[in-house]
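Observations on the three-dimensional arrangement
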Amino acid sequence: MASLHTRNSDATAQIVDIDAELAYWKTRLNEDTFQVVGATVGDLERCLKIGYDAYLLHHRQEFDEIAPSLRDRLQRHCPDTPIGWYRAQPIMRAVWQRLKPATPAGHV
């Protein structure tokens, strides 16, 4: 019996172990990128989780394409965070770069 749904051969599932990722980033809290005056580990976790969520939803796009919606999402979901967009952007970009697989040679 034929499937009623056509499959996109480029479709890939993305799974992220959030606990492992948070543990990884917590080891890097002393790096300059993560130093935000007044920010708690909880603030950083919320910022990272927004980055993970966006990556899972938009992993086929480049970070710069969705950055404006990430900024809006951060402001909407974390309005009182001391991690403003200026500091959150490099954090979320680092998340994106860590999660995004390298493009094989010859593929775009």
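An account of the accompanying structure is given in this report. Position numbers for residues count from 1 along each chain, tracking the sequence in the order it is written. It should be noted that, the model being predicted, local features are given only for residues of pLDDT at least 70 and side-chain atom pairs only at 80 or more, the latter also being counted only at that level, while totals for whole chains, interfaces and linings use all residues. Excluding hydrogens and water, the side-chain values take into account all heavy atoms of the structure.

Moving on, we get to the pattern of salt bridges. Salt bridge, as used here, is a side-chain nitrogen of Lys or Arg placed within 4 Å of a carboxyl oxygen of Asp or Glu. Summed over the entire model, instances satisfying the criterion amount to six salt bridges. A salt bridge links Arg-98 to Glu-21, with the nearest nitrogen and oxygen atoms 2.8 Å apart. On the criterion of sequence distance, the pair formed by Arg-98 in helix α4 (residues 85-99) and Glu-21 in helix α1 (residues 18-26) is long-range, its members being 77 residues apart. Each residue gets one of three labels from its accessible area relative to the maximum for its type: buried under 20%, exposed over 50%, partly exposed in between, using a 1.4 Å probe on protein chains only. Judged by its relative accessible area of 10%, Glu-21 falls in the buried class. Two residues, Arg-93 and Asp-64, come together in a salt bridge whose shortest N-O distance is 2.7 Å. Taken together, the residues span a long stretch of sequence, with Arg-93 in helix α4 and Asp-64 in helix α3 (residues 63-77) at a distance of 29 residues. Under the relative-accessibility criterion, Arg-93 is labelled partly exposed at 26%. Among the residues examined, Asp-64 registers a relative accessible area of 52% and is labelled exposed. Labels follow the DSSP assignment, with helices taken as runs of H or I lasting at least four residues and strands as runs of E lasting at least two, numbered in each case from the N terminus.

Attention now goes to the packing of α1 against α4. Direction vectors running N to C along α1 and α4 enclose 125°, while the axes themselves pass 12 Å from each other. In terms of orientation, α1 and α4 fall into the oblique class. Relative to α4, α1 is oriented so that their crossing is right-handed. For the pair α1 and α4, the contacting residues are Glu-21, Tyr-24 and Trp-25 in the first and Ala-94, Val-95, Arg-98 and Leu-99 in the second. Here an angle of 0 to 180 degrees is reported between the N-to-C directions of two axes, which are lines fitted to C-alpha atoms, with helices fitted over the stretch in contact. Working rule for angles: under 35 degrees goes down as roughly parallel, over 145 as roughly antiparallel, 65 to 115 as roughly perpendicular, anything else as oblique. Two helices that cross are described as forming a left-handed crossing if the nearer one is turned anticlockwise from the farther one by less than a right angle, and a right-handed crossing if clockwise. We call two residues contacting when some pair of their heavy atoms lies within 4.5 Å.

Pairs of aromatic rings are described using the distance from one ring centre to the other and the angle between the two planes. Under the pairing criterion, centres of Phe, Tyr and Trp rings, with the six-membered ring standing for Trp, must be within 6.5 Å; the plane angle then separates stacked pairs below 30 degrees from edge-to-face pairs above 60, leaving the rest tilted. One pass over the full model with this rule turns up three aromatic pairs. Taking 5.0 Å as the distance between ring centres and 85° as the angle between the ring planes, the aromatic pair formed by Tyr-55 and Trp-96 counts as edge-to-face. You can see Tyr-55 sitting in helix α2 (residues 41-58) and its partner Trp-96 sitting in helix α4, a full 41 residues away along the chain. Accessibility assignment for this pair places Tyr-55 and Trp-96 in one class, buried. Following the ring pairs from residue to residue traces out a cluster consisting of Tyr-55, Phe-63 and Trp-96.

Further remarks concern the environment of Glu-62. Structurally, the position occupied by Glu-62 is in the loop between α2 and α3. Take Glu-62: its relative accessible area is 46%, and that puts it in the partly exposed class. Along the backbone, Glu-62 and Gln-97 are 35 residues apart, and their C-alpha atoms lie at a distance of 9.7 Å. Setting aside residues up to four positions removed in sequence, Glu-62 forms contacts with Trp-96 and Lys-100.

Without other data, these values stay purely geometric and don't point to any function.
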